[in-house]
Amino acid sequence: MKPRALLLLCCGGLFTCGAVASTLDVSRPEVQAFIDAASTEHGLEREWVESLLSRAEPQPDIIELISRPAEKRLTWGEYRENFLDEKRIATGVDFWNEHADRLTEVERQTGVDPRVIVGILGVETRFGGITGRHRVLDALVTLGFDYPPRSEYFLGELGQFLALVRDEGVSPLESLGSYAGAMGFGQFMPRSYRIYAVDGNGDGRRDLFADWDDAISSVANYLLQHGWRRGEPILAEAKPPLGKYGDSSTLDIEVMGAAGPIQLTGLHNFTVIMRYNRSLLYALAVEELGRTIALRLGKDPQ
Ligand SMILES: [Ca+2]
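Figured I'd write up the structure that's included with this text.

## A closer look at the overall build of the protein chain
Here's step 1: A tally of helices and strands in the protein chain yields 15 helices and 5 strands.
Here's step 2: Its C-alpha radius of gyration of 21 Å places the protein chain within 12% of the 19 Å reference for a compact globule of 302 residues.
Here's step 3: Considered along the principal axes of its C-alpha atoms, the protein chain spans approximately 65 × 40 × 35 Å.
Here's step 4: The burial tally for the protein chain puts 38% of its 302 residues in the buried class.
Here's step 5: Across the protein chain, contacts joining residues at least 24 apart in sequence account for 68% of those joining residues at least 6 apart.

Right, dumping it as structure tokens:
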């Protein structure tokens, strides 16, 4: 039984119950302005947009969550412990075995290293195990209307989400995601979903919630469109000379590991991983998780 149904049952029964989550006040001027702008930009029916928004429930805890992301609080040593755990590595080995054909095919088509696809899916959602507990609509409404530092960004994503609902059959009221509104196996934001998602299995839909072929192809396409270069390494111990994978995009990395400072050079493809998530620690975790799983499977080290 869904929590909301339970609450209604309880209200209608013998018990008194606490406050029911309140819905968005669509008469707020900024909400009305958004409805006008999004309806025009995406060609949506104004009444439909207002009706959907009137069913959104802002979540104050989301404001707290976005104000203290793990990437800003933890050292690399601490962050790494969260993502390089044995359970995630073992799940990744099974995942790679199960999806080996798709990963190989996608690498042939795009040049994107399966290690990185596997690393991203492992870090993002533990291979589909944790895809988020917030309604995407609620998350985007909360951050769009009640989190001024990033209001513009999240209202843009809210408009994209409404267009996604119209175009892709994504459920407006039942889709769940992260507190920031990222969805599905690869945690795509709505705008990225619309631009970069790929119908990997050719069934006519781009389904990042339930279709692994689509999710794998979409992660690869995202990286390819952000400049992934076939066959190039990701990290180097020292800065390479220009021309030998060294170019203007290389990144000097110095982080605090469990046993002291670590210095590395992020090469071009490392900076492409950071287009998926701007956190340096995130990209390091993706690289190491994918590499570790590949080694367990006896793949060649890079
Ligand atoms: Ca599909």
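Okay, back to it.
## A few points about the sheet that holds strand β4 (residues 251-257)
Here's step 1: If you walk across this open sheet you meet the 3 strands as β3-β5-β4, and the pairing is antiparallel. The strands lining the two open edges of the sheet, one partner per strand, are β3 (235-236) and β4.
Here's step 2: Note that β3 and strand β5 (residues 260-266) share 2 bridges and pair antiparallel. The residue of β5 that forms the bridge with L235 is G266.
Here's step 3: Packing of helix α6 (residues 76-83) onto the sheet brings it into contact with β4 and β5, and relative to β4 it is tilted by some 80°.

## Examining helix α11 (residues 151-168)
Here's step 1: Over its 18 residues, α11 extends 25 Å from the first C-alpha to the last, a length consistent with the 26 Å expected when each residue adds 1.5 Å.
Here's step 2: Inspection of α11 places F154, L155, E157, L158, G159, Q160, F161, L162, A163, L164 and V165 among the buried residues, and these make up the whole buried set.
Here's step 3: Those residues of α11 hidden inside the fold are in contact with α2 (29-42), α3 (46-53), α10 (136-146) and α12 (190-196).
Here's step 4: One or two steps after α11, the chain reaches G169, where phi turns positive at roughly 70°.

## Brief notes about the packing of helix α9 (residues 114-125) against helix α15 (residues 280-296)
Here's step 1: As a packed pair, α9 and α15 sit with axes 7 Å apart at the nearest point and diverge in direction by 115°. Every pair of crossing elements has a handedness; the one defined by α9 and α15 is right-handed. In this structure, α9 contributes R115, V116, V118, G119, I120, G122 and V123 to the contact, and α15 contributes Y282, A285, V286, E287, L289, G290, R291, I293 and A294.
Here's step 2: Here the contact of α9 with α15 is built from residues that sort into 10 nonpolar, 3 polar and 3 charged.

## Considering the environment of L53
Here's step 1: Its location among the elements puts L53 in helix α3.
Here's step 2: Along the chain, L53 and S175 lie 122 residues apart, while their C-alpha atoms are 14 Å from each other.
Here's step 3: Here L53 is in contact with L24, V26, V31, I35 and V141, once residues within four sequence places are set aside.

Rules and cut-offs
- Residues numbered from 1 in each chain as written.
- Predicted model: local features only at pLDDT ≥ 70, side-chain atom pairs only at ≥ 80, totals over all residues.
- Helix = DSSP H or I, 4+ residues; strand = E, 2+ residues; numbered from the N terminus.
- Rg over C-alpha atoms; globule rule 2.2 N^0.38 Å.
- Buried ≥ 20, exposed ≤ 12 C-beta atoms within 10 Å, placed from the backbone.
- Contact = placed C-beta atoms within 7 Å.
- Pairing = 2+ DSSP bridges.
- Axes fitted to C-alpha atoms, helices over the stretch in contact; angles between N-to-C directions.
- Expected span 1.5 Å × (residues − 1).
- Left-handed = near helix turned anticlockwise from the far one by under 90°.
- Nonpolar A, V, L, I, M, F, W, Y, C, P; charged D, E, K, R; others polar.

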